[in-house]
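Observations on the model geometry
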Amino acid sequence: MTWADFLNLLIAALLLGGIYAVMSVGMTVIYGVMKIVNLAHAGFMMLGAYFAFELYQRFHIAPIAGALLAFPAFFLVGTVVYWTLVRWLPKSTQPTLASLLLMFGLWLVLQNIGYLVWGNTDRSILSPMTFSVIHVGPISISTLRLVVFVAAVACVGILELTLERTWFGRSVRALIQNPYAGKIVGVDEERTSRLTFGLGIAFAGLAGALLATLYSFDPDFGRPFLLRAFVIIVLGGLESVSGVALGAMVLALVETFSILLVPASYQTAISFTLLVVVLIVLPGGVASLLARKRRLA
Amino acid sequence: MKGGLGARIKLMLPWLALAALLLAPALGLGANLIRLLFITFVWVTTSLAWNLLGGFAGQVSFGFAVFYGLGAYTAALLIDAGISPYLSFFAAGAVAALGSFLVGLPTFRLRGPYFAIATIGVSEAVRVIADNLAITGGASGFRIVEKVPFRQLEHYYTALGLAALAVAVSLLIEHSKFGLGLVAIRHDEDAAADVGVNPYTYKLWAHAVAGALTGMAGGVFARYAAFIHPHGVFAFHTSVYILLMPVIGGIGTVLGAVLGGVIFGVVEEQLVAGFPQIHLLLYGSLLIFIILVEPDGIVGLFGRLWRRFSKEHVDTDVTGPRPDEILRGTGGA
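What comes next concerns the included structure. (Residues numbered from 1 in each chain as written. Chains lettered and ligands numbered in written order. Predicted model: local features only at pLDDT ≥ 70, side-chain atom pairs only at ≥ 80, totals over all residues. Heavy atoms only, no water.)

1. Some words on the overall build of chain B
Threshold: Secondary structure elements follow DSSP: runs of H or I of four or more residues count as helices, runs of E of two or more count as strands, with numbering from the N terminus. Relative accessible area decides the class of each residue, using a 1.4 Å probe on protein chains only: under 20% of the type maximum gives buried, over 50% gives exposed, and in between gives partly exposed. In this description, contact between two residues means that some pair of their heavy atoms is separated by no more than 4.5 Å. We get accessible surface area from the Shrake-Rupley algorithm with a probe of 1.4 Å; when it comes to residues, only the shown protein chains can shield them.
Secondary structure summary: chain B contains 15 helices and two strands in total. For chain B, with 333 residues in total, the buried portion stands at 56%. Of the contacts made within chain B by residues no fewer than 6 positions apart, 82% connect residues no fewer than 24 positions apart. Summed over its atoms, the accessible surface of chain B is roughly 13,800 Å², and 71% of this surface lies on carbon and sulfur atoms.

Here it is as structure tokens:
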């Protein structure tokens, strides 16, 4: 492998990592605050993809703009879902069977809605940008992937800032760290949960719409990404945005470079293998390793 | 056990059902009805198997299709090679149990949602491998050539025997120290560990027994179907079905798992076959409804009706632990 090949792969992995991060943060915030593993994340990603698709087909809105529009739209959807279904679940400080199965049922419903509305044919979004490539010396970068990466990183950055700087963000972090103490100092758990759920679904929709610009999709679109998202949040230690960014990069690097060794049809097996390795070697994720180093230092 | 009428009926129910089903073919049932019963027995077996791990121990798995598929392929390959079908079924169970250790050894090390999500990953990975494996015919499937005449009743009795075995195993486990240990793990892992129950090994063994039963069910099904392919036996929707049945019937109870399997078998084969385009919608809404409205499933619903209409206030505990804390409670998944 030449240096140029290596650099090309590295850049491809980096760009992929950005999308992976945006697709996983939604699951992380919901898990952090409510301890719900949102299996319906896959369903909302699929709907996000079709959202961008419809906007592009009907109103000729650029797919990236469509993805950004998906954010508020899915935020609304998320709050409605929270209000109608999720808030009736028994509250708990650890994931419950009931929450897992409820989100799973919701995923099945969303998937079926996808099949009813759009059928099971593969769709894709082809915009003028799809095939354009930027050349820098021996390195070539897909323009679209670069734009998607920038959008993804911007959104994750804004989320991180929101969590750091605002009262809402402080409430979220308080509930993640210690729900009881949070409530004692006046965090409105119900409201924070509702907003967090909306935010998580908004990120699912955004990620789905961004992914739709790069890959073809059908109503079963989210499933392979659900596993990846889970691998990423396990790598990232389950509850922090920076951990997720790190986990996303690790998975993207492993996936991209494993192409050199393993046939592409075994890609799903790679994320699973990585999950198993992480569970055995570092149960707290990569982030916990860094935290331990810091504590030792 | 109290001597109430309800309690006595409940004790006799499995024997009555078994006797009726043993004699049923003699009444001259049509081939189609026999097929329906056969499929239902297979589903009941998988439902009971899932319930051992998901219901008793509270570990939700979305990956039982792995065992079903492993069993189906093992039996298919062996029968095709001319080995006795019954030996093949046991081999199918053994291979599936082995597979359960491969899945369980890493994933049971941690609590919480890890196991549940990892099982989605396992089923994806295994299906991808089955799609690409040459010995099993890859994605185009595998046809079993058995050089004996097709006797439907033999299949019927095999499946009935397997379902009876699954009921017996479930009841034995439920009333054993092992079963109590599993329930203790479901309630509180730390407390269970404190009283000498090792959650890790208990879960592993429950997983293995469940895997073996599911694998045997897969094998029995494969022999009947004579043609299997990865997108059938290894498909994600197979896992979904296996999980749905005990939840519909009443998670954590033997009676519930059986009822769920029977209802699902009949509904899936007779009703949903007519509306394939909305079956996910149907199952998804049913799941949501059960979780939010009647977490104890059909057993819970009947139990509530029974308590309302009977004056003797029968101790409903004769069939084992009440399921009501599983989906309502705040314990870990």
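More follows now that the structure is in view.
2. A short note on the overall build of chain A
Filter applied, for reference: Using C-alpha atoms as the atom set, the radius of gyration is obtained and then compared with a globule rule of 2.2 Å times the number of residues to the power 0.38. Charge assignment: positive for Lys and Arg, negative for Asp and Glu; neither His nor the chain ends contribute. By convention, charge coordinates are those of NZ in Lys, CZ in Arg, CG in Asp, or CD in Glu.
Along the backbone of chain A there are 12 helices and two strands. For chain A, the C-alpha radius of gyration of 19 Å lies close to 19 Å, the compact-globule estimate for 297 residues. Summarising its shape, the C-alpha atoms of chain A cover approximately 60 × 55 × 35 Å along the three principal directions. Across the 297 residues of chain A, 55% fall into the buried class. Considering only contacts in chain A between residues 6 or more positions apart, those separated by 24 or more positions represent 78%. Of the roughly 12,300 Å² of accessible surface on chain A, a fraction of 68% belongs to carbon and sulfur atoms. Taking the average location of the 18 positive side-chain charges in chain A and that of its 12 negative ones, the two points are 8 Å from each other.

3. A short note on the pattern of salt bridges
Residue and element names in this part refer to chain A. Keep this limit in mind: Criterion for a salt bridge: a side-chain nitrogen of Lys or Arg within 4 Å of a carboxyl oxygen of Asp or Glu.
Going through the model one piece at a time under the given rule, you end up with eight salt bridges over all chains. As a salt-bridge pair, Glu255 and Arg228 come within 2.5 Å of each other at their nearest N and O atoms. With a gap of 27 residues between them, Glu255 in helix 10 (residues 241-258) and Arg228 in helix 9 (residues 223-235) connect regions that are remote in the sequence. The class of Arg228 is buried, set by a relative accessible area of 10%.

4. Focus: helix 5 (residues 114-132) of chain B
Heads up, the rule is: Expected span of a helix, by definition, is 1.5 Å for each gap between consecutive residues, and there is one gap fewer than residues.
Under the 1.5 Å per step criterion, the end-to-end length of helix 5 of chain B is 27 Å for 19 residues, consistent within 8% with the ideal 27 Å. In terms of residue burial, helix 5 of chain B counts as a mostly covered element, since 16 of its 19 residues are buried.

5. Some remarks on the packing of aromatic side chains
To be explicit about the condition: Pairing of aromatic rings covers Phe, Tyr and Trp, the last through its six-membered ring, and needs centres within 6.5 Å; plane angles under 30 degrees mean stacked, over 60 mean edge-to-face, and all others mean tilted. Only Lys NZ and Arg CZ are tested; either one counts as a charge over a ring when it is within 6 Å of the ring centre and within 35 degrees of the ring normal.
For the structure shown, the criterion picks out 32 aromatic pairs over all chains. Between B:Tyr73 and B:Phe234 the ring centres are 5.7 Å apart and the planes differ by 10 degrees, which places this aromatic pair in the stacked class. Of this pair, B:Tyr73 sits in helix 3 (residues 64-80) while B:Phe234 sits in the loop between helix 10 (230-233) and helix 11 (236-249), and the two are 161 residues apart along the sequence. Here B:Phe234 falls in the buried class, since its relative accessible area comes to 4%. Ring pairing ties together the aromatic residues A:Tyr50, A:Phe53, A:Trp118, A:Tyr215, A:Phe217, A:Phe221 and A:Phe225, which thus form one cluster. Above the plane of the ring of A:Tyr31 lies A:Lys35, whose end atom (NZ or CZ) is 5.6 Å from the centre.

6. Structural notes on helix 3 of chain B
With 17 residues, helix 3 of chain B should cover 24 Å at 1.5 Å per step; its first-to-last C-alpha distance of 24 Å lies within 8% of that length. Looking one or two residues past helix 3 of chain B, B:Gly82 carries a phi angle of roughly 95 degrees, positive in sign.

7. What to know about the pairing of strand 1 (residues 133-136) of chain A
Residue and element names in this part refer to chain A. Here is the rule: Strand pairing follows a simple DSSP-based rule, namely that at least 2 bridges must link the two strands.
Here strand 1 pairs with strand 2 (residues 139-142) via four bridges, running antiparallel. Note that in strand 2 the partner of His135 across the bridge is Ser140. Linking strand 1 back to strand 2 in an antiparallel pair, the connection comprises two residues, with Gly137 at a positive phi of about 60 degrees.

8. Concerning the interface of chain B and chain A
The test is simple: Once two parts are put together, the accessible area they lose, assessed with a 1.4 Å probe and summed over both, is termed the buried area. Residues adjacent in sequence count toward polar contacts only when both atoms are side-chain atoms; beyond that, a polar contact is any pair of N or O atoms within 3.5 Å, and within protein one must be able to donate a hydrogen and the other to accept it. Under the scheme applied, nonpolar residues are Ala, Val, Leu, Ile, Met, Phe, Trp, Tyr, Cys and Pro; charged residues are Asp, Glu, Lys and Arg; polar residues are all the others, including Gly.
Contact with chain B, which involves 48 residues of that partner, is made by 44 residues of chain A. In total, chain B and chain A occlude about 4,000 Å² of area from one another, counting both sides; carbon and sulfur atoms represent 81% of this. Linking chain B with chain A are zero salt bridges, by the criterion used here. At the junction of chain B with chain A, the criterion picks out two residue pairs in polar contact (both at pLDDT 80 or more). Residue assignment for the side of chain B that touches chain A shows that the elements contributing at least two residues are helix 4 (85-107), helix 5, helix 11, helix 13 (279-292) and helix 15 (324-328) of chain B. Counting residues per element, the side of chain B that touches chain A draws most heavily on helix 5 of chain B, which supplies 13 residues. Taken together, the residues of the side of chain B that touches chain A sort by class into 30 nonpolar, 14 polar and four charged.

9. Description of the environment of B:Leu77
Residue and element names in this part refer to chain B. Relative to the helices and strands, Leu77 resides in helix 3. For Leu77, a relative accessible area of 28% gives the class partly exposed. If we skip the residues at most four places from it in the chain, Leu77 touches Ile135, Thr136 and Phe142.

10. With respect to the side chain of A:His41
Structurally, the position occupied by A:His41 is in helix 2 (residues 41-59). In contact with A:His41, not counting residues within four places along its chain, are A:Met23, A:Gly26, A:Met27, A:Gly200, A:Ala204 and A:Leu226.

11. Focus on the nonpolar core
The test is simple: We define a nonpolar core as any set of buried Ala, Val, Leu, Ile, Met, Phe, Trp, Tyr and Cys residues linked to one another through side-chain atoms lying within 4.5 Å.
Counting residues in hydrophobic clusters, the biggest one holds 187 residues, and the most contacted among them are A:Leu39, A:Phe44, A:Phe104 and B:Phe62. Here this core gets 14 residues from one element, more than from any other, and that element is helix 2 (residues 31-56) of chain B. Once you skip the residues sitting within four places of it in the chain, B:Phe62 turns out to touch A:Leu39, A:Leu100, A:Phe104, B:Ala116, B:Thr119, B:Ile120, B:Ser123, B:Phe236, B:Ser239 and B:Leu243.

12. Topic: the packing of helix 2 of chain B against helix 11 of chain B
Residues and elements named next belong to chain B. Counted only if it meets this: Only the contacting stretch of a helix is used when fitting its axis, a line to C-alpha atoms as for every element, and angles between N-to-C directions run 0 to 180 degrees. The scheme is simple: roughly parallel for angles under 35 degrees, roughly antiparallel for over 145, roughly perpendicular for 65 to 115, oblique for anything else.
With their axes 8 Å apart at the nearest point, helix 2 and helix 11 run at an angle of 75 degrees to one another. As judged from the angle between their axes, helix 2 and helix 11 are roughly perpendicular. Taking contact as the criterion, the partners of Trp43, Thr46, Ser47, Trp50 and Asn51 in helix 2 are, on helix 11, Tyr241, Ile242, Leu243, Met245, Pro246 and Val247. Grouping the constituent residues of the contact of helix 2 with helix 11 by class yields eight nonpolar, three polar and no charged.

13. Overview of the environment of B:Leu280
Within the secondary structure, B:Leu280 is located in helix 13. Look at B:Leu280 and you get buried, because its relative accessible area is 13%. Not counting chain neighbours up to four residues away, the residues in contact with B:Leu280 comprise A:Leu108, A:Val109, A:Gln111, A:Asn112 and A:Tyr115.

14. Description of unusual backbone geometry
You will see that A:His60, though not glycine, has its phi angle at about 55 degrees, which is positive. As for its position among the elements, A:His60 is in the loop between helix 2 and helix 3 (63-84). Notably, B:Ala226 is not glycine yet its phi reads approximately 65 degrees, a positive angle. The exposure class of B:Ala226 is partly exposed, given its relative accessible area of 24%.

15. With respect to the packing of helix 5 (residues 143-165) of chain A against helix 10 of chain A
All names here are of chain A. The contact between helix 5 and helix 10 brings their axes to 10 Å, and the two run at 155 degrees. By the angle between their axes, helix 5 is roughly antiparallel relative to helix 10. Residue-level contacts link Phe149, Val156, Leu159, Glu160 and Leu163 of helix 5 to Val241, Ser242 and Met249 of helix 10.

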